[in-house]
Amino acid sequence: MRDYSVFDIVGPIMIGPSSSHTAGAARLAKVAAIIAEGKIIKAEFLLHGSFGETYKGHGTDKALVAGILGMEPWDERLRDSFALAAEQGIEIIFTPADLGEVHPNTVKFILTKEDGSVSNITGSSVGGGNILIFDIDGQEVAFTGQYPTLLAQYRDLPGVISKVSSVLYEENINIANMRVYRSGKGKTAMMALEADSEITEAVTEKIRNIEEMERVQSINPVVEGVF
Amino acid sequence: MVASGEELVKICRENGIPIWEYAIREEALRSETSSEEVVEKMRRTLHVMMDSSTIAQEQEVKSISGLIGGDAYKIRSYADRGNTLTGSFINRAMARAMSASEVNAAMGRIVACPTAGSCGILPAVILSAGEELHKTEDELVNALFTAAGVGIIIARNATLAGAEGGCQAECGSAAAMASAAVVEMMGGTPEQALNAAAIVIKNVLGLVCDPVAGLVEVPCAKRNVAGTVSALTTADLVMSGVASKIPFDEVVEAMYRVGRQMPAELRETALGGVAITPTALRLKKEIYKD
Ligand code: SF4
């Protein structure tokens, strides 16, 4: 049986109309933008299933753009996100698509950045505003963004994981959950690590300085309801 | 948090505390923070409810699809004119419920309680009862904890999602939580609070989820109004001494079972109920015409 918080029941605070189609969509896009890193100049959204069918009526489109701009699901500017994106010169494209055997509320982000590089991120809005990111640039992952999360891409050599955990240990950050995804020995691997407390930029930088690291990002959930 | 209504009543009785106090304690324990912090977070939640349940009464708010809007303003004006049948208290509560629902459909800020679709019931019930009974803000915050405590028990033993259990699980649960909260606000015991929750759910057992065009607007907004009225009148029913013949836990179990027996067409897919009436299909076509 799940252990519910009172704020799962009386909450979340969010912009309507739908926790899965609006709040979850904003959250997915915000996390995708963090993962993509760098200034986004073009965002294409491939909308699967119910997302593809009802995105206009539920404001899923506005929520996705708001998330790309870094807004939280309770930000009242969410409904004006198109205008804000236009001001920043961000090109926006929505395409209903069939992404295969995935959750009905799934979106694939194709994000082009200033330097011309492109990130592909796919995730689902799984209900109640909760999300699951399950693909980053073709690499399978699985994390919810509910906890402070560290995402690291690194050369898969012995000792890397213990270097990361010793940095966190020094900083007194407890690891709640860690998953490693690898394509083969010695090749690039990906780590998604969820912690009990905030992973600050300073800590992220320390981990970035580990020799084998190629790309490191941290995603910290924001305290809800503080406007 | 305990797993059943029976255990909830027992633990509250043993400690001589109401449901809200138990819920605050448990939340502080599980989140490893202080009770004060938990209460402050709920106060922010209450403030969002105050806004969402007021905004659309003062000016006409239209949904993004154009399907609903302006009704909270109408109810409020009607209540203010003073010629209602059921009185200004109930009419103003209905206006509040409608307001939060309209704000939700217009992409305004609301509190999902337990869901976005049912976001009008708890604010309307708590704020209206609080106003009528001259309760302080702290007491309103406490009432939200009673509601959440009852909601957790429903979530653990059944479901709060229309897609799983129909509208009985969504608006039904919201109204049950709200009614229980008002009973405690009025000085009723935890047992009476759960009696109110049980009666409310029994009265909407089998209510299907059939949103027109798949949007949380029709019939959702008016179900928020109906849930609000049911929660308020049931609180009076219970405070008069009337009890539920079937205990809360058994009603929740029945609600879950009924939800499982519902065909998928009646669980948020917009393939049944009022969602496939000729008018609903025409509205859907108009909304998605391009
Ligand atoms: S009809 Fe369905 S979508 Fe509308 S409030 Fe009820 S459960 Fe929610």
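So, a few notes on the structure that sits alongside this text. (Residues numbered from 1 in each chain as written. Chains lettered and ligands numbered in written order. Predicted model: local features only at pLDDT ≥ 70, side-chain atom pairs only at ≥ 80, totals over all residues. Heavy atoms only, no water.)

Next up on the list: the overall build of chain B. Each helix and strand in chain B was counted, giving 13 helices and one strand. Moving toward the C terminus, one meets the helices and strands of chain B in the order α-α-α-α-α-β-α-α-α-α-α-α-α-α. Its C-alpha radius of gyration of 18 Å places chain B within 12% of the 19 Å reference for a compact globule of 290 residues. Along the first, second and third principal axes, the C-alpha atoms of chain B reach 60 × 45 × 40 Å. Counting across all 290 residues of chain B, residues that qualify as buried make up 57%. With the model as given, the accessible surface of chain B reaches about 11700 Å², and the carbon-plus-sulfur share is 52%. Across chain B, the centroid of the 27 positively charged side chains sits 6 Å from that of the 35 negatively charged ones. (Helix = DSSP H or I, 4+ residues; strand = E, 2+ residues; numbered from the N terminus. Rg over C-alpha atoms; globule rule 2.2 N^0.38 Å. Buried < 20%, exposed > 50% of the residue type's maximum accessible area, 1.4 Å probe, protein only. Areas by Shrake-Rupley, 256 points an atom, 1.4 Å probe, with all protein chains shown as cover. Lys, Arg positive; Asp, Glu negative; His and termini not counted. Charge placed at Lys NZ, Arg CZ, Asp CG, Glu CD.)

Where a strand is regular, its side chains alternate between the two sheet faces. All names here are of chain A. Burial analysis of strand β10 (residues 188–195) places seven of its eight residues in the buried class, the great majority of the element. Bridge count for strand β8 (residues 149–155) against β10 is seven bridges, and the pairing is antiparallel. Looking at the pairing, Y154 lines up with A189 of β10. As judged from the seven bridges shared by strand β9 (residues 175–182) and β10, these two strands associate in the antiparallel manner. Looking across to β10, one finds that R179 is bridged to A192. Counting the residues in the hairpin turn of β9 and β10 gives five residues, including G186, whose phi is positive at 80°. (Pairing = 2+ DSSP bridges.)

Further remarks concern the site of the ligand. Taken together, G117, G162, C167, E170, C171, C209, D210, C220 and R223 of chain B make up the full set of residues adjacent to the ligand. Of the residues in the shell around the ligand, the class split is four nonpolar, two polar and three charged. (Near = heavy atom within 4 Å. Nonpolar A, V, L, I, M, F, W, Y, C, P; charged D, E, K, R; others polar.)

Before going further, it helps to examine helix α11 (residues 220–239) of chain B. Taking 1.5 Å per residue, 20 residues should reach 28 Å; α11 of chain B reaches 29 Å between its end C-alpha atoms and fits that length. Positive phi shows up at G241 of chain B, right after α11 of chain B, with a value of about 115°. (Expected span 1.5 Å × (residues − 1).)

Residue and element names in this part refer to chain B. Using the criterion set out here, one finds 22 salt bridges over all chains in the structure. As a salt-bridge pair, R223 and D210 come within 3.0 Å of each other at their nearest N and O atoms. Linking R223 in helix α11 with D210 in the loop between α10 (190–203) and α11, this pair joins segments that are 13 residues apart in sequence. Of the two residues, R223 and D210, neither departs from the other in class, the shared state being buried. One network of salt bridges, with partners in common, ties together E40, R43, E137 and D138. (Salt bridge = Lys/Arg side-chain N within 4 Å of Asp/Glu carboxyl O.)

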